[in-house]
Amino acid sequence: MAAPPLLEVRGLSKRFATRTGREPSPWVIQDLSFAVREGEFLTIIGPSGSGKTTLLNMLAQIDTASGGEVRFQAETAPISDPTRLSPGLSCRIGYVTQEDNLLPWRTTLQNVLFPLVVQRRLNDQTRARTEMLIRAVGLAGFESHYPHELSGGMRKRASLIRTLVYDPPVILMDEPFGALDAQTRTQLQEDLLRLWSLGRKTIVFVTHDIAEAIALGDRTLVLSKPPARIAGEHTNPIARPRDVSGIMTHPQFAALYRAIRVEVQ
Amino acid sequence: MATWRQTDSPAPMRQSPAAPSLRARGDQVLVLLVLLAIWQGFSLAFGTYWAGSPWGVATRLTTGLLNGEILRHASYTLLEAVAGFLIGALPAAALPFALRRLPIVTAILDPFMVGGYGAPKLALAPLFILWFGIGIESKIALVAITVFFIVYFSALAGIRALDAKLVQMAQVMGASERDVARHIVFPGAVPYIFTGLRIAMPYSIGGAVIAELISANRGLGYLIQLGAMNFDTTGVFVALVATTCIVFLGNWSVNAVERRLLRWRPPPDLETQVGS
Amino acid sequence: MTSHEAAVDVPEPARSRWRPHVVVAGRIGLAVLLLIAWKVGADAAGPLYAADPVKVFERIVGDTLSGSLLRHIYVTLRLSAIGFAIGCFCGVALPFVLRRLPRLTRAVEPYIMASVGVPKYALVPLFILWFGIDDAPKLWLVGLLVFYPVFIAVFAGIRNVDRRLIAMARVVGASEAAISREVVWNSLLPFFFAALKIALPRAVSAAIIGEFLVGNEGLGYMIEHSRQSFDTTGVFTGVVVATALVLVINAVLERIDRRLNAWRPVERDMQV
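This one's a predicted model, so the numbers in the text were calculated from it and none came from an experiment.

1. Structural notes on the overall build of chain B
The helix and strand inventory of chain B stands at ten helices and zero strands. For chain B, the succession of helices and strands along the chain, N to C, is α-α-α-α-α-α-α-α-α-α. Considering chain B as a whole, with its 276 residues, one finds that 48% of them fall into the buried category. Long-range pairs, those at least 24 residues apart, make up 78% of the contacts in chain B between residues at least 6 apart in sequence.

2. Re the overall build of chain A
Along its length, chain A carries seven helices and ten strands. Taken against the 2.2 N^0.38 rule, which gives 18 Å for 265 residues, the C-alpha radius of gyration of chain A at 19 Å falls within 12% of a compact globule. For chain A, the share of sequence-separated contacts (at least 6 apart) that also reach a separation of at least 24 residues comes to 71%.

3. Brief notes about the sheet that holds strand β4 (residues 67-72) of chain A
Residue and element names in this part refer to chain A. Within the open sheet, the four strands sit side by side as β2-β1-β4-β5. Their pairing is antiparallel. Sheet topology places β2 (29-36) and β5 (75-77) at the edges, where each strand pairs with a single neighbour. Across the sheet, the mean angle from the axis of one strand to that of its neighbour is 25°, orientation sign disregarded. Here strand β1 (residues 7-14) pairs with β2 via five bridges, running antiparallel. Counterpart to L12 in the pairing with β2 is L32. Each of β1, β2 and β4 is contacted by helix α1 (residues 52-59), which is oriented at about 125° to β1, the strand it contacts most.

4. Observations regarding the interface of chain A and chain B
On the chain B side, the residues contacting the 19 residues of chain A number 16 residues. A total of three residues in the side of chain A that touches chain B trace back to one element, the largest contributor, which is helix α2 (residues 108-118) of chain A.

5. A closer look at the sheet that holds strand β3 (residues 41-45) of chain A
Backbone-to-backbone hydrogen bonds join strands into a sheet, with any given pair of strands oriented parallel or antiparallel. All names here are of chain A. Spatially, the six strands line up as an open sheet ordered β6-β7-β8-β3-β9-β10, and their pairing is mixed. Single-partner strands in this sheet number two, and they are β6 (93-96) and β10 (230-235). Neighbouring strand axes in the sheet, compared pairwise and without regard to direction, differ in orientation by 15° on average. Sheet strands touched by helix α4 (residues 152-164): β6 and β7 (170-174). Its angle to β6, the strand with the most contacts, is close to 180°.

6. Observations regarding the packing of helix α5 (residues 125-132) of chain B against helix α6 (residues 136-160) of chain B
Residue and element names in this part refer to chain B. The geometry of α5 relative to α6 is characterised by a closest axis approach of 8 Å and an angle of 140° between their N-to-C directions. As far as their axial angle goes, α6 and α5 are oblique. Where α5 crosses over α6, the handedness of that crossing is right-handed. Facing A125, F128, I129, W131 and F132 of α5, the residues of α6 in contact are E137, S138, A141 and L142. Of the residues that constitute the contact of α5 with α6, the class distribution is seven nonpolar, one polar and one charged.

7. Regarding helix α1 (residues 22-46) of chain B
Every α-helix carries 3.6 residues per turn, so stepping three or four residues along brings you back to the same face. Over its 25 residues, α1(B) extends 36 Å from the first C-alpha to the last, a length consistent with the 36 Å expected when each residue adds 1.5 Å. B:G47, located one to two residues past α1(B), shows a positive phi value of around 90°.

8. A short note on the interface of chain C and chain B
Listed per partner, the contact involves 56 residues of chain C and 59 residues of chain B. Contributions of two or more residues to the side of chain C that touches chain B are made by α1 (13-45), α4 (102-115), α5 (124-131), α6 (136-159), α8 (176-213), α9 (219-228) and α10 (232-260) of chain C. Residue contributions to the side of chain C that touches chain B peak at ten residues, all from α10(C). Classifying every residue of the side of chain C that touches chain B gives 38 nonpolar, eight polar and ten charged.

9. A short note on the pairing of β1(A)
Sheet analysis places β1(A) next to β4(A), joined by five bridges and oriented antiparallel. Across the sheet, residue A:E8 finds its bridge partner in β4(A), namely A:R71.

10. Concerning the packing of helix α2 (residues 53-66) of chain C against α10(C)
Residues and elements named next belong to chain C. Packing of α2 against α10 brings their axes to within 9 Å, and their N-to-C directions diverge by 70°. In terms of their interaxial angle, α2 and α10 are classed as roughly perpendicular. Taking contact as the criterion, the partners of K55, V56, R59 and I60 in α2 are, on α10, T233, G234, F236, T237, V240 and V241. Classifying every residue of the contact of α2 with α10 gives five nonpolar, three polar and two charged.

11. Notes on the nonpolar core
One recurring pattern in soluble globular proteins is that nonpolar side chains are buried together. Ranked by internal contacts, the top residues of the largest apolar core, which has 209 residues, are A:L172, B:A125, B:V147 and B:V151. The element that contributes the greatest number of residues to this core is α8(C), accounting for 19 residues. When residues no more than four places from it in sequence are discounted, the contact partners of B:A125 are B:L142, B:I210, B:A211, B:I214 and C:F212.

12. Here we look at the environment of A:A158
All names here are of chain A. Turning to its location among the elements, A158 is positioned in helix α4. The exposure class of A158 is buried, given the 26 C-beta atoms found within 10 Å. When the C-alpha atoms of A158 and E143 are compared, they prove to be 9.7 Å apart, with 15 residues separating the residues in sequence. Ignoring anything within four residues of it in the chain, the contact list for A158 reads D100, L102, T108, N111, V112 and L139.

13. Some details on the environment of A:F41
Residue and element names in this part refer to chain A. Positionally, F41 belongs in strand β3. Residue F41 is classed as buried on the basis of its C-beta count, with 23 C-beta atoms lying within 10 Å. Counting along the chain gives 203 residues from F41 to V244, while the straight-line C-alpha distance between them is 15 Å. Not counting residues up to four positions away in its chain, the partners in contact with F41 are W196, I203, F205, L216, G217 and D218.

14. Digging into unusual backbone geometry
Most peptide bonds take the trans configuration, and most residues that are not glycine carry a negative phi. Cis peptide bonds are those with omega within 30 degrees of zero, and the linkage from A:R240 to A:P241 qualifies with 0°. Along the chain, A:P241 turns up in the loop between β10 and α7 (253-264). In this structure, A:R120 is a non-glycine residue whose phi angle is positive, near 55°. Inspection of the secondary structure assignment puts A:R120 in the loop between α2 and α3 (124-136). On the basis of neighbour counts, which here come to 9 C-beta atoms within 10 Å, the residue A:R120 falls in the exposed class. A positive phi angle, near 55°, is found at C:F230, a position not held by glycine. Structurally, C:F230 can be placed in the loop between α9 and α10.

15. Observations regarding α3(A)
All names here are of chain A. In this model α3 runs 18 Å from its N-terminal to its C-terminal C-alpha over 13 residues, within 8% of the 18 Å that 1.5 Å per residue would give. Within the sequence span of α3, burial applies to T130, L133 and I134. Within α3, the buried residues cover an arc of 100° as seen down the axis, which keeps them to one side. Exposed side of α3, more than 90 degrees from the buried face: D124, Q125, A128 and R135 are the residues found there. Directly beyond the C-terminal end of α3, a positive phi value near 75° is found at G138.

16. As for the environment of C:K120
All names here are of chain C. Within the element layout of this structure, K120 appears in the loop between α4 and α5. Through-space distance from the C-alpha of K120 to that of L145 is 6.9 Å; in sequence the pair is 25 residues apart. Those residues in contact with K120 that lie beyond four places of it in its chain are L141, L144 and L145.

17. Comments concerning the confidence of the model for chain A
For chain A, per-residue confidence averages 86 on the pLDDT scale, and 96% of positions sit at 70 or higher. For chain A, per-element mean pLDDT is lowest for β5(A), which scores 77, and highest for α2(A), which scores 94.

Basis of the calculations
- Residues numbered from 1 in each chain as written.
- Chains lettered and ligands numbered in written order.
- Predicted model: local features only at pLDDT ≥ 70, side-chain atom pairs only at ≥ 80, totals over all residues.
- Helix = DSSP H or I, 4+ residues; strand = E, 2+ residues; numbered from the N terminus.
- Buried ≥ 20, exposed ≤ 12 C-beta atoms within 10 Å, placed from the backbone.
- Contact = placed C-beta atoms within 7 Å.
- Rg over C-alpha atoms; globule rule 2.2 N^0.38 Å.
- Pairing = 2+ DSSP bridges.
- Axes fitted to C-alpha atoms, helices over the stretch in contact; angles between N-to-C directions.
- Parallel < 35°, antiparallel > 145°, perpendicular 65-115°, else oblique.
- Left-handed = near helix turned anticlockwise from the far one by under 90°.
- Nonpolar A, V, L, I, M, F, W, Y, C, P; charged D, E, K, R; others polar.
- Expected span 1.5 Å × (residues − 1).
- Core = buried A, V, L, I, M, F, W, Y, C linked by C-beta atoms within 7 Å.
- Arc of directions from axis to C-beta.
- pLDDT = per-residue confidence, 0-100.

Printed below as a string of structure tokens:
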């Protein structure tokens, strides 16, 4: 019997508060439902403006929903009431945002340690883990650099391992590699898969790049244009471990790509 | 609120446009020599009443330093400036933090703060002398109130410049309100506060000197006034030189501390910051 | 796509409807509280240290009716205006002159910047030695205090003028004077106005403080003379009037500034 999904979204809807109070604003997301299993790498694709970030914001509970339900580990999260939001759901949902959001006044090491400091979990063990992660993404030697001294790609990596360091069961990622050049992006995708395979966390990864979604995900959901709902769901047959840089040459790539492409319009 | 807009952005420290060439440096030395020569010539031709002479000022300055007189008065003025600076700046920086969760109070206070900022605080000098006497307290009070309003608006701007995204990020990672205040609000506001400190510093020394000019029995302002009353222009010049040195010292100190604390700031683009 | 609501910070709509009223009420309340505190403080501290607000008010009315207050205000404003005009003119003219003499500018620049560090008020006794005890030393003080911010703003503004515009103007055949007029002047106009906004209240302030040290008329003289005569009411009166004067000037400048800049799409704030 399959275990209940770790994260479940039922009938999620969102529209923003109207400014002048006359016309109700259009629905950004309407009646969105999907589920994520534990240990799954789920990728979500949608055209720009389809509310991908809004969706993640609601899952991370930094934004309210106008309707519907989010259930985490079978508990319903109170997401319609702004005063009862619990961002990150007590550190059980990690969120790697599009901008790196590193604290400019902290060095790389201090930035990566930041969640541990705030959660009061700083000890030898967590420090060792931090160092391991820093080495794993190739930031060794840059621990004492400030963010403005790092390249865009390096800041991204720091931002990534900053979430990985405190090991939340679910990690949301909002186009984390979007602003990088192709080479760095491929490198980071490989790093991410490698790190993921060590711990098999549950990841919800949003992107607009179909190839990336196929390279990384176990399953890909396609969002429609607003009002966004699930336009399609595709299980990824390509076996792991995957060759990220050569994914396009894989025999099963083309069919999957075409199927998804059609739905993205 | 346009009146305090000038302290809105944390202006970078002054950057010289480009390192002057050797030729320019030579020109600068030349200008200095020419000015000194004119000064000396003037004093030889017209006597030392008007401006003393470079030599006279230099010798008087040296004797004054050696016998400790200048340092005594300078330290008095410096003490007034520093004490007033701290007494004014610390509450001014702390207040916006304390009121961060009470925007209504900040809004209520705003016109009073703007009024206090715009009002001529130095015009209060006689009032403070009336209240606190001609001793050190009146000078400290004057400096403190001048510095307070400047730093308040800088700190306020720093708090308002808070990046909500960083706060959200920290909250997702489990930060409490205190964590956010300590790790995000405060470090983010520090550059702005330092801009305010940098602006306020010359006012602190100026305020101390003005109060001393009006009524005092110690300090560099007192020395200036004393020299003037005795028609001792050389003495006035010596005291002026000492005062200017203290201003430079103050500027250098604030800049040095700022450089140390703000190592993390990205270097500014070519901008010319203009100070008073 | 960014989220428009940071849900943890959104205030309830109901609360925000009352807020403007609460703020206004709070401000009035605070003002009343301060006045009451003044009265109580004056009663407690005695007539030597603090002046009763009612007496201050009576003095203001009395002096206005007798004309002496208006005379003091006029003297101070006249001083400020003349000093402002001189300082402004020099502050604008000098950078334009220096613009044609780049070598001299480079040679002199560090000394000009260093002279900013000299506290101008400290020069007043020297000016008294040099120029006597009439208006001259005060005019010098006001002039200098106006000169520096204007000079720095115009100087920096000229430096930052877009070189491409100048090059374009040269290509079209404009003379140096025309370039100065059209391109340079218009580019630095906003910075110049920002400096003026600072310099004008400063001019009045400087006049008052100059009057502390020399002269026998003007608001500053009134304040300091009252102090020396232990006329605390006079001191308070002078301070109140001087503060009100500068605040009114600030407010008027603010109005003018907003009116002038209403059309501006991008606000340019320059640190002066």
